[in-house]
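Descriptive analysis of the structure
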Amino acid sequence: MKFDRRRLLEKGWKIGGGLLAAAAGWTSWDLLQPLKPAGATGKLKLGSPSKFEPGTATFVNAGRLWVSNADGHLFAISQKCPHLGCRVPFCESSGRFECPCHGSVFDIGGEWISGPSPRGLDQHPLTLEDGELVADLGVHIKGPDHGAAEYLSPPLGPSCSEGG
Amino acid sequence: MSKSTTTVDHSSQDVLEPEARPVPEGRVARLQHGETWRSIFRHPHLDTPRGRALQSFSNVFLHIYPVKVPSRVLKLRYSWRLGYIASVLFAVLLVTGIYLMFFYTPSVTAAYGDMQQLRTGVGFGQLIRNVHRWSAHLMVLVVVLHLVRVFYAGAYKRPRQFNWVLGVSLLLITLGFSFTGYLLPWDQLSYWAVTVGTNLISYVPVLGKQLSDLLIGGEQIGQATLLRFYSLHVAVLPVALGLLLMVHIWRVRKDGFAVKRGEVGSFAEGSTDRLVVTSSGAEPATEDGQRVRLLGVVDRESVTAEERLTDDTVFTWPHMLVRHVVVGLGTVATVLALGVLFAAPLRGIANPNETPEPAKAPWYFVGLQELLSRFDPLVAGIFVPTALVLVLVFLPYIDRNSATEARNRKVAITIFSIVLAAVIVLTVIGALFRGPGWQFITPWDHNYLEL
């Protein structure tokens, strides 16, 4: 096949244009990536474990998480519902997490009980450092799959949802 | 006493209007025939068929119209003017949006305060915001109705397939417009509606998390999200919609009006098979006896003719333009009336720690939210909407049936009607029959719908 200047230019502008478009696409993708907050270590000190009574869930605003105590087992549970990201409050009267958006319900250990959520509430790992509980916010542990019922117990009382 | 009108103005002569014409009386008429006027408008206003054609061709705004249109197109029921109304609403949104930009700061610390200031401290600020909001809702509704009408009329068929694709793209951009604008007031309603909407994206297989992070600029909605939505709302989407709308309207012009083939005034393609050429020199006629204009005869097998049975076309100016002005004014009057009567909602400032009960997506996504409460998110949030959009976009290439009459398109019309009914039912249930915890409620007892 004859490969003259005309053919070189015909191919050249297509290849050049393609490379330019790819470079622009990659640059845009990279440029629009979320910025990492400066100075964030990802570790959050929560204080002494004795602060968290069995059967309770305490909201920690700094990490937007719940610290719950299920029969002596402590969890750092994400406030965000795995279904569509609504914030899940803890219902004192039922002793369960109840999502206001689509009605998903979770037990005190964050395990799924009912509703459209695809899994239990996500968690952060907890460690004990110098007698203090520390949550690692940089690590997300996916919530337990449907069927997990290790910490499931009957509701303490009525649900917080008006309709429920 | 009037002067003689026999004076000839040679400056207004050109190759298209070579005849010497008298200059009409009066200052305005003289001004319109003067050099200054001609330097601005290129051609004088001539109230003759050729003058109107010239005006339409040479005017940047008028030339989006054809010079003449079939008279059937003038009837309201031809299109219900839905595409035109959508364009007028877009113009209203642009104007009111620019006003709002003068008073709005896309910052999580300032945005909500700006909205309050707009209500109480800015002259007509609340009205402008109301009109902007109702126009946005109406535009979504009108664009959807436009799509539905085009489908039922079969107007997406050859040669308008690609314009249908452009139209569906415009619908998606309109939804993007409304959705990005929804967040800007930074109140509880906007924050949680957008939270629910954006979390859908995270269900996209493989790239879901990256795409979601890219859109909201982080793990959760915050300053980065507000700035991104603002940039999309005031810069990216208006340019995209403006460009696509230009091409869409241009294709309407070039593809012709979707009047039925063979109807009076139709510009339908070749139908020489029905032509009978008379040899007696009498007027040619089709087999069913209708008159045609014969342009030329090359030989017995090859006849070039134009199917313009009887010329019932009328000039766009003034017939179509008058109707557009009336419908345009009616549209503006409607959104103004809505703006005066109903205030756009503004709840408390966005609180990322507290989800209101119930948290509903904007009304056009609430059907999807209803679906999500019943099925797996991957199915209800991704597969169903993606399939719906893809089928909608490629509909003209999937539905190869060339018939436009409903009686010959029973399958397509039945499927479309079922899907449309399902969307309407899901939207009504999600909007009116769902309360706290997404429990079933009766709308006459509690109303949780906010627009």
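Scroll up for the structure.
Keep in mind that what you see is a predicted model, and the values were worked out from it rather than measured.

What about the environment of Trp250(B)?
With respect to the secondary-structure elements, Trp250(B) resides in helix α11 (residues 223-255). Once the C-alpha coordinates of Trp250(B) and Tyr65(B) are considered, the two residues, 185 residues apart in sequence, prove to be 9.0 Å apart.

Some details on the state of the cysteines
All names here are of chain A. On inspection of all chains with the given rule, the structure shows two disulfides over all chains. Cys-86 shares a disulfide with Cys-101; S-S distance 1.8 Å. Between Cys-86 and Cys-101 the sulfur-sulfur dihedral comes to about -90°; the bridge is accordingly left-handed. Of this pair, Cys-86 sits in the loop between β4 (73-78) and β5 (90-91) while Cys-101 sits in the loop between β6 (96-98) and β7 (105-106), and the two are 15 residues apart along the sequence. Through a disulfide, Cys-91 is tied to Cys-160; the S-S separation comes to 1.9 Å. Torsion about the S-S bond of the Cys-91 and Cys-160 cystine: about 85°, corresponding to right-handed handedness. Taken together, the residues span a long stretch of sequence, with Cys-91 in strand β5 and Cys-160 in the segment after β11 (132-136) at a distance of 69 residues. Taking relative accessible area as the criterion, Cys-91 reaches 3% and is therefore assigned buried. Overall, the relative accessible area of 43% leaves Cys-160 in the partly exposed class. By sequence order of its bonded cysteines, chain A has the disulfide arrangement 1-3, 2-4. Of the cysteine sulfurs around Cys-99, a residue in no disulfide, the closest is that of Cys-81, at 3.9 Å. Residue Cys-99 is classed as buried on the basis of its relative accessible area, which comes to 4%.

Rules behind the numbers
Residues numbered from 1 in each chain as written. Chains lettered and ligands numbered in written order. Predicted model: local features only at pLDDT ≥ 70, side-chain atom pairs only at ≥ 80, totals over all residues. Heavy atoms only, no water. Helix = DSSP H or I, 4+ residues; strand = E, 2+ residues; numbered from the N terminus. Disulfide = S-S within 2.5 Å. Buried < 20%, exposed > 50% of the residue type's maximum accessible area, 1.4 Å probe, protein only.

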